[in-house]
Structures are given as structure tokens and as C-alpha cells.
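Here is what each chain is made of, one letter per residue.
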Amino acid sequence: MKRQPAHPAFTLLAISSFLPALAMAQPSGDDAGVLSVVTVTANKVEQDLQDVPQSVTVIDAATLEEKGISSIDDVIAEIPNMASNTWQGTSVNIRGLNTSKFTNNNPVVIYIDGVPHSSRFGFDASLANVERVEVLRGPQGTLYGKDAVGGIINVVTRKPGKAWRGKAGLEYGEDDTHAIVFDGSGALIDGSLYLGVNGQFSGTDGWIENVHPGMRKDAAEKRERKLNTYLLYEPNERFRARLGLSEEKKTAHFYEMAVGPGGSSISSFSLDKARKARFDTDTKEVADSNAQSLALTWKLAGVSLDAVTTHKKFELDGVYDSDFGVRPDYAGLTQFNNHATETWTQELRLSGGESAGPRWVAGLYLEKEEHAQGPYGQKFPGYDPATATYLGNFEMNADSLTDTRTQALFGQLIWPFAGSFELTLGGRWQRIEKEFDMDLFYLPVGVSGPAIYSLRDKTRWNAFLPKVALSHSLSPNWTAYASYAKGYMPGGYNYFASGGGADSNSFEPQTSANYEIGVKGRLDNLALAASLFYMDIEDIHVYKFDGIVNTTDNARKAHSQGAELELSWYPRDSRWEFSGALGLIEAKYDDYDTGTTRYDGERIENSPSHTLRLGVAYRHPGGAYARLDARNQGQVWFFDNASSDFVRYGSYSVFDFKTGYRLDNWELYGYVHNLTDRGYIQGFESSASSTLVSFGTPRRFGVGVRYEF
């Protein structure tokens with residue numbers, strides 16, 4: 001008999017049984033509150049982290065630097081029940097929710113200085129001028145202008161002061177892996193006008209060697225730069241204007257992956273084999289991004305008005321070896337992926353209230369996005385299927401334009417009552433309109449001609465997304481909460497449609513009903529947050545191959561349930577710090593029928609069964625420090641298109657070590673990433689023609705120096 005998923009009511013009952021015991025275990029008198037209060041802006045108002053009724057992870061600037069966290073991908077590795085794969089952009093999995101390939105939307109949105117970004121391409125941000133990073137798990141559409149079905153990564157930058165201050169750092173490691181970071185800010189006009197400039201330059205020759213004669217030896221070479229500057233005008237406490245400009249460029253050759261014949265098993269791949277590649281056509285991907293933002297704030301009579309205008313343009317120019325190998329009939333043939341996305345957003349937000357009384361936020365969000373896809377396709381040799389006669393080289397190319405417009409009204413109210421309770425009520429109404437225009441060409445290489453298939457369509461989706469949460473202050477240092485929120489990811493169209501009408505080449509929005517209950521607080525020198533969650537997911541986006549053509553569809557129903565625990569412990573009068581985070585998850589399809597096969601009960605792909613992070617740090621008053629961080633990821637399932645089945649990949653552990661010395665304004669350090677040189681797979685994609693497997697970075701040694709002023 002098929003086992004039914006647990007109802008959320010049982011989940012809530014289970015955790016409620018141990019909340020009273022935690023609340024009673026309180027320190028008293030002078031022993032209480034040893035840990036400092038962590039202030040966050042997750043609810044668009046400053047709050048103690050323990051008062052926020054949802055799962056939030058906060059990583060401050062000191063922790064980012066000490067752990068060597070320099071990218072959003074590094075941030076994701078710190079968060080329970082989150083995982084990412086940086087192959088063909090950055091695809092994120094959070095609590096069983098995956099990237100939607102043909103909308104390019106990740107289930108998580110990055111917010112930095114008011115600029116939202118959710119596309120899997122360019123899914124990163126400079127961390128050179130960061131005060132803290134807040135990672136909010138669960139739907140966030142009632143507070144943030146751009147809707148997020150799975151969570152928000154909110155990058156809070158450091159506010160400049162009167163005096164000029166900054167930092168500069170240099171890091172160098174194996175494979176010519178290097179990074180330069182700088183940050184400087186201060187007053188141009190004392191008390192009113194401030195300037196900030198920061199950036200990161202990084203690169204590596206990579207750990208994969210192309211052994212094919214005459215080809216680039218450093219197959220996976222990468223170079224990247226991120227530059228940011230801003231002007232802040234703050235003449236008084238009532239008005240603030242911030243103009244931000246950013247420019248990023250990344251050039252990458254090949255992926256950190258191995259290639260095998262179609263139908264190859266996942267167990268046939270290893271890190272040692274992946275170190276040597278053989279392909280005869282250069283692979284290169286260049287990504288350019290430019291963004292501008294203007295944020296204005298007026299504070300009048302207890303009410304704040306925020307107006308944030310953003311513009312972002314992202315361009316990708318990618319060319320790849322067509323077969324990632326050396327088949328003679330594919331010599332010189334390429335795959336190609338070129339696209340340009342331009343996005344304008346306008347957010348207006350009113351907020352008010354007092355910290356001890358009701359607080360509220362209400363806003364309007366408008367977005368216009370144009371996504372031009374193409375050339376997008378592949379060159380390959382053509383044969384007469386009857387006689388196997390070679391007919392020459394052909395090219396399949398899909399050119400499309402997707403015009404998306406979003407209008408949304410959102411708001412949230414936090415209402416304290418009965419002395420120790422807070423009720424949060426929120427909602428979001430949104431309308432998303434998409435217009436799609438696509439032409440598919442199949443022609444001999446170098447020959448122009450008409451499209452063999454065209455698709456024109458326009459659709460509109462309306463949705464209301466409610467949120468309700470109840471929190472209870474069990475004591476001055478402990479809070480329990482329960483919440484419900486609806487999540488939403490827009491639908492879209494198949495960029496590579498080759499037949500049929502709009503119905504067979506479009507997919508519906510994905511929705512989820514999210515239930516969560518948790519407890520968080522501080523006990524002397526221990527900080528703890530624990531939660532249980534359950535999600536009912538409908539019309540989940542799935543991605544697959546139909547022969548050699550990529551397609552996407554909806555699976556009708558799925559569910560995800562799990563637990564998360566985060567803790568930090570600073571032994572009294574000790575130089576030690578211990579931290580950890582555990583995520584447990586069961587994410588399964590309940591109703592997934594492809595028309596030929598049912599996958600009911602199968603695990604949702606790319607969702608690790610657990611994530612575990614453990615860290616220990618020692619800091620000597622004289623300036624020396626050392627830390628060891630361990631990360632274990634549980635078994636994960638991938639979909640094998642060649643066999644039309646799911647394949648399991650086992651768990652693995654990665655250890656990172658870092659030691660250094662701080663003296664006045666200087667810091668010297670050395671590190672070892674992936675101490676045991678563990679080979680681990682992050683992505684698996686198989687079709688009848690080829691199998692692609694992406695690996696995590698193997699062991700790497702490095703040293704660095706940093707100066708602050």
C-alpha cells in the first residue's frame with residue numbers, strides 16, 4: 001500500500017510537545033543574554049532575529065571573511081536544505097523546489113541594494129562591501145517586490161561613515177587560482193554626500209586538462225570581475241537617496257564536468273577520469289551584466305516611503321563543442337546559446353509603526369522584462385535515415401522573444417497582542433502577462449531559409465498569495481512560531497518547441513502551500529533555531545529530453561517535508577566557537593504522469609536527503625586563529641533521460657581548513673579547500689546521445705593577505 005505523506009497538523013503537534021521544555025531551560029540573572037542580539041531587516045523593519053517568525057540564517061561580514069565565502073554559491077552551501085550546481089548557470093534547490101529551466105527562474109531571489117535577480121544566469125553578487133547576508137526560507141511575496149517561491153538571499157551592504165575606510169585583499173592558490181578584492185567608502189561632503197567603490201577580480205586555470213592535440217590545455221579556465229560604485233545623499237534624517245551602479249563580466253571555458261556516451265551509469269564517472277578531457281572545438285561562455293538602481297526614502301510623521309527603480313541588462317554569448325568529444329563527423333561543429341535579458345522594475349513601499357506596537361508594510365511592484373533567446377541550438381551531421389548517406393552538416397536554431405510584464409500589490413501587518421503574542425497577516429495580488437514569439441529553423445549550415453515551425457501566443461495569470469503567522473514569546477530569550485504562506489513560480493513556454501500548439505508547448509505556474517513551525521532563541525552562550533516544514537506543491541515544473549530536444553512540463557502534485565536545526569555555541573571564557581546546521585528532507589512526486597510512465601512516489605530530483613554543516617574555530621587573543629569546516633550532503637536523485645528513470649547518488653563529505661594571523665590592520669592566512677580531495681558529483685544529465693556529469697572542485701591549497709584601514 002502506498003504510504004501517504006504526513007499531514008501538516010501532525011507535524012505541528014509533534015514539535016509543540018517539546019517547546020515548553022525549551023522555554024523552561026532559561027538562564028537567570030547575570031547569566032542571561034551572553035550572546036549579542038542579531039538585528040535583521042527580514043520583515044523590512046529592524047528586528048531581533050529571534051522575533052522573526054520564519055527560518056532565517058544570518059552570516060555577518062566577519063564570518064564571510066573568515067570562512068572565505070566570496071560568492072552566492074558559497075553562501076548556499078551554508079544553508080540547511082539548500083544546494084546548487086554551477087553548470088549552465090547556477091541552479092538552486094531549496095526544500096525540494098528546483099530551478100525552472102525554460103523561465104530561467106531560480107526558486108530563490110537575490111536582493112542587493114534593491115536590485116532583484118532570480119535568473120540562473122548571472123546568479124551571483126559581489127560580497128566585497130557586505131555587512132551581512134540574510135537567507136530567508138519560504139515564500140516572500142508579501143514583503144519583497146519580486147516574488148520568491150522558495151526564499152530570498154538579502155545582501156545588506158555596509159553603510160559608509162564620515163571617515164574613509166576600506167580594505168584590500170589578495171589570494172593565490174593552485175591552478176593559478178587568484179582573487180583580488182577591494183572596498184572603500186567615505187564622505188565627499190561631511191554629513192550629506194558619500195561615495196563607495198568596491199570590486200572583486202578572480203580567475204583560475206581550472207583543474208581539467210584538454211589532452212586533445214592543438215587545443216587549449218586549461219580546459220576549464222575562468223576569469224571574472226565584479227565592480228560596484230554608489231553615491232549616497234543623506235542631508236538629514238528624513239531623506240535618503242542612493243544611486244548604485246554595477247558591472248560584471250565572466251568568461252568561462254568548458255564546465256567542471258565529464259562526458260560519457262549516452263546511457264552511461266553515474267557510477268562509471270570519477271574525479272580522476274574527469275581531470276582529463278578530450279574535445280576538438282573550443283568552448284567559451286561570456287556573460288556580461290550591467291545594473292543601475294536608484295533608491296529614495298522619505299520619513300514623515302512616523303511613515304516611510306521608499307521608491308526603488310532598477311534597470312538590469314544581462315547578455316550571454318556561449319559556444320560549445322557539439323559532442324564534447326572528438327567524433328570525426330562532429331569535428332568543428334558547435335552548440336550555441338546566446339540570449340539577452342533586459343529588466344526594468346519599479347517598487348513603491350510605505351511602512352510604519354513602532355517596535356513595540358503594530359508595524360505594517362504596503363507596496364506596489366511593476367516589472368517589465370524582455371528575454372531574447374537565440375541563436376540557440378546545435379550543428380550536427382545529417383544522414384539519410386534510409387541509406388545512412390551523409391547529407392552534409394545541418395543546424396537547428398530556435399530564435400524567440402519573451403515579453404513579460406508583472407504588476408503586484410503586496411502588504412504585511414504585524415500586530416502584537418496579549419503581551420507575548422504577535423500575529424502576522426500578509427497578502428500579495430499579482431498579474432503576470434507573457435507574450436511569446438518563436439521561430440525554429442532547420443537548415444544546412446550557412447544556408448538561410450524559412451522557419452520549419454513558429455509559435456505565437458500570449459497568456460495571463462492572476463494569483464493571490466496569502467500569508468499568516470503567529471509567534472509567541474515564551475520568555476525574554478525564546479520565541480515559538482507557526483506560519484502558513486502560499487508560494488508561486490510563473491509559468492512559461494518551451495524555448496525549443498518543434499511541433500504542436502501553444503497548449504503542448506507551455507507550462508502552468510507552480511504553486512505551493514507552505515506550513516512551518518519552529519522555535520528560536522538564546523540560552524546563555526548558545527543560539528539555536530529549529531523548525532519543521534511541510535509543502536503541498538502543485539504543477540511542479542519538470543525538465544527533460546524528448547530525443548535530443550529539451551522540453552518542460554508540469555507534474556500535477558508533489559510534497560516536501562523536513563526539519564532544520566541551526567546552532568552556535570561559544571563556551572564561556574573560551575577562545576572556541578562551535579557551529580552547525582542540519583537539514584532533513586523528503587521531497588516526492590505524488591502525481592507525475594508523462595503519458596507513458598508514472599513516477600508517483602519518486603524523489604524530486606536534485607533534492608539532497610540531508611545537508612549537514614559543522615564548524616569549529618579557535619581564536620587566540622594574540623591574533624592567531626584556525627578553523628575547520630565540514631559539510632556532508634546526503635543522497636540525491638537525478639533523472640536519467642536515457643533510461644527514463646531516476647538514479648541515486650550517495651552522500652559525500654567535504655572538509656575545509658583555514659589558519660591565519662591578525663596583526664593590527666593586517667591579516668595573513670592559508671587554506672585548504674576539500675582537504676581529502678573528495679570527488680563528488682553535483683549534476684547529472686543523460687540522453688540517448690551523451691551523458692554529462694558535473695563535479696565539485698577538488699583539493700586546492702592557497703594563501704592570502706588582507707589589509708583594512
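It should be noted that the structure appears before, not after, this text.
Residues numbered from 1 in each chain as written. Predicted model: local features only at pLDDT ≥ 70, side-chain atom pairs only at ≥ 80, totals over all residues. Heavy atoms only, no water.

**A word on a nonpolar patch on the surface**
A cluster of nonpolar side chains, Trp298, Leu300, Val303, Leu305, Leu350, Trp360, Leu413, Trp415, Phe417, Leu425, Val468 and Leu470, forms an exposed patch at the surface whose accessible area comes to about 970 Å². At the level of secondary structure, the elements contributing two or more residues to the nonpolar patch comprise β18 (284–300), β19 (303–321), β22 (390–417) and β24 (453–475). Sorting elements by how many residues they give to the nonpolar patch places β22 first, with 3 residues. If you trace the backbone, Leu305 turns up in strand β19. Relative accessible area serves as the criterion here: at 33%, Leu305 is assigned to the partly exposed category. (Patch = residues over 30% accessible without salt bridge, like charges linked within 9 Å, V, L, I, M, F, W, Y side chains within 5 Å. Areas by Shrake-Rupley, 256 points an atom, 1.4 Å probe, with all protein chains shown as cover. Salt bridge = Lys/Arg side-chain N within 4 Å of Asp/Glu carboxyl O. Helix = DSSP H or I, 4+ residues; strand = E, 2+ residues; numbered from the N terminus. Buried < 20%, exposed > 50% of the residue type's maximum accessible area, 1.4 Å probe, protein only.)

**Quick notes on the pairing of strand β40 (residues 700–708)**
Relative to β40, strand β10 (residues 165–173) is paired through 7 bridges, and the arrangement is antiparallel. Bridging across to β40, Leu170 finds its partner in Val705. Pairing analysis gives 8 bridges linking strand β37 (residues 666–673) to β40, with the strands arranged antiparallel. What sits directly across from Gly670, in β40, is Val703. (Pairing = 2+ DSSP bridges.)

**Points about the side chain of Glu605**
For Glu605, the position within the fold is in the loop between β31 (576–591) and β32 (610–619). In this structure, Glu605 is in contact with Asn93, Asn98, Tyr589, Trp637, Phe638, Phe639 and Phe646, ignoring residues within four places of it in sequence. (Contact = heavy atoms within 4.5 Å.)

**Some remarks on the environment of Glu667**
Structurally, Glu667 can be placed in strand β37. Distance from Glu667 to Gln407, taken between C-alpha atoms, is 48 Å for residues 260 residues apart in sequence. In this view, Glu667 contacts Tyr625, Tyr661, Arg662, Gly704, Val705 and Arg706; residues no more than four positions away in its chain are not counted. Within the structure, Glu667 has its side chain in polar contact with the side chain of Arg706 (distance 2.8 Å). (Polar contact = N/O pair within 3.5 Å; in protein donor to acceptor, adjacent residues only side chain to side chain.)

**Side note on the packing of aromatic side chains**
Under the criterion given, the structure shown has 29 aromatic pairs. Judged by centre distance (5.7 Å) and plane angle (75°), the ring pair of Phe102 and Tyr543 falls under edge-to-face. Note that Phe102 is positioned in the loop between β5 (91–94) and β6 (105–112) and Tyr543 in strand β29 (residues 526–546), a separation of 441 residues in sequence. With relative accessibility at 2%, the residue Phe102 sits in the buried group. Aromatic pair Tyr484 and Tyr515: ring centres 5.4 Å apart, planes at 50°, arrangement tilted. Pair noted here: Tyr484 is in strand β25 (residues 478–489) and Tyr515 is in strand β28 (residues 510–523), with a separation of 31 residues, a long-range link. For Tyr484, a relative accessible area of 25% translates into the label partly exposed. Pairwise contacts between aromatic rings join Tyr589, Tyr592, Tyr599, Phe639 and Phe646 into one cluster. Residue placement shows Arg95 over the ring face of Phe533; its charged tip is 4.3 Å from the ring centre. Above the plane of the ring of Tyr669 lies Lys658, whose end atom (NZ or CZ) is 4.2 Å from the centre. (Phe/Tyr/Trp six-rings, centres within 6.5 Å; stacked < 30°, edge-to-face > 60°. Lys NZ or Arg CZ within 6 Å of the ring centre and 35° of its normal.)

**What to know about the sheet that holds strand β7 (residues 115–119)**
Taking strand neighbours across the sheet as the criterion, the 5 strands line up as β3-β8-β9-β6-β7 in an open arrangement whose pairing is mixed. Only two strands of the sheet have a single partner each, and these edge strands are β3 (56–60) and β7. Across the sheet, the mean angle from the axis of one strand to that of its neighbour is 15°, orientation sign disregarded. (Axes fitted to C-alpha atoms, helices over the stretch in contact; angles between N-to-C directions.)

**Remarks on the pairing of strand β21 (residues 359–383)**
Judged from the 18 bridges that link them, strand β20 (residues 334–353) and β21 form a sheet pairing that is antiparallel. Opposite Glu347, over in β21, you have Tyr365 as the bridge partner. In sequence, β20 turns back onto β21 through a hairpin of 5 residues. Connecting β21 to the next strand, β22, in antiparallel fashion are 6 residues, including Ala388 with a positive phi near 60°.

**Quick word on the nonpolar core**
With 40 residues, the main nonpolar core has Ile72, Met82, Val133, Ile153, Val155 and Tyr589 as its most contacted residues. The biggest single contributor to this core is β29, with 5 residues. In this structure Val155 touches Ile72, Ile110, Tyr111, Ile112, Asp113, Leu127, Val130 and Arg132, once residues within four positions along its chain are discounted. Phe269, Ala274, Phe324 and Val654 belong to the second largest nonpolar core, which has 29 residues in total. (Core = buried A, V, L, I, M, F, W, Y, C linked by side-chain atoms within 4.5 Å.)

**Things to note about the pattern of salt bridges**
This model, assessed by the stated rule, comprises 49 salt bridges. In this structure, Asp176 and Arg223 form a salt bridge, with 3.7 Å as the shortest nitrogen-oxygen distance. Taken together, the residues span a long stretch of sequence, with Asp176 in the loop between β10 and β11 (177–189) and Arg223 in strand β14 (residues 222–236) at a distance of 47 residues. Classification of Arg223 by relative accessible area gives partly exposed; the value is 29%. Of the charged contacts, one joins Asp677 and Arg275 as a salt bridge, the two residues approaching to 3.1 Å between their closest N and O atoms. You can see Asp677 sitting in the loop between β37 and β38 (681–686) and its partner Arg275 sitting in the loop between α5 (271–274) and β17 (276–277), a full 402 residues away along the chain. According to the relative accessible area criterion, Arg275 is partly exposed, its value standing at 24%.

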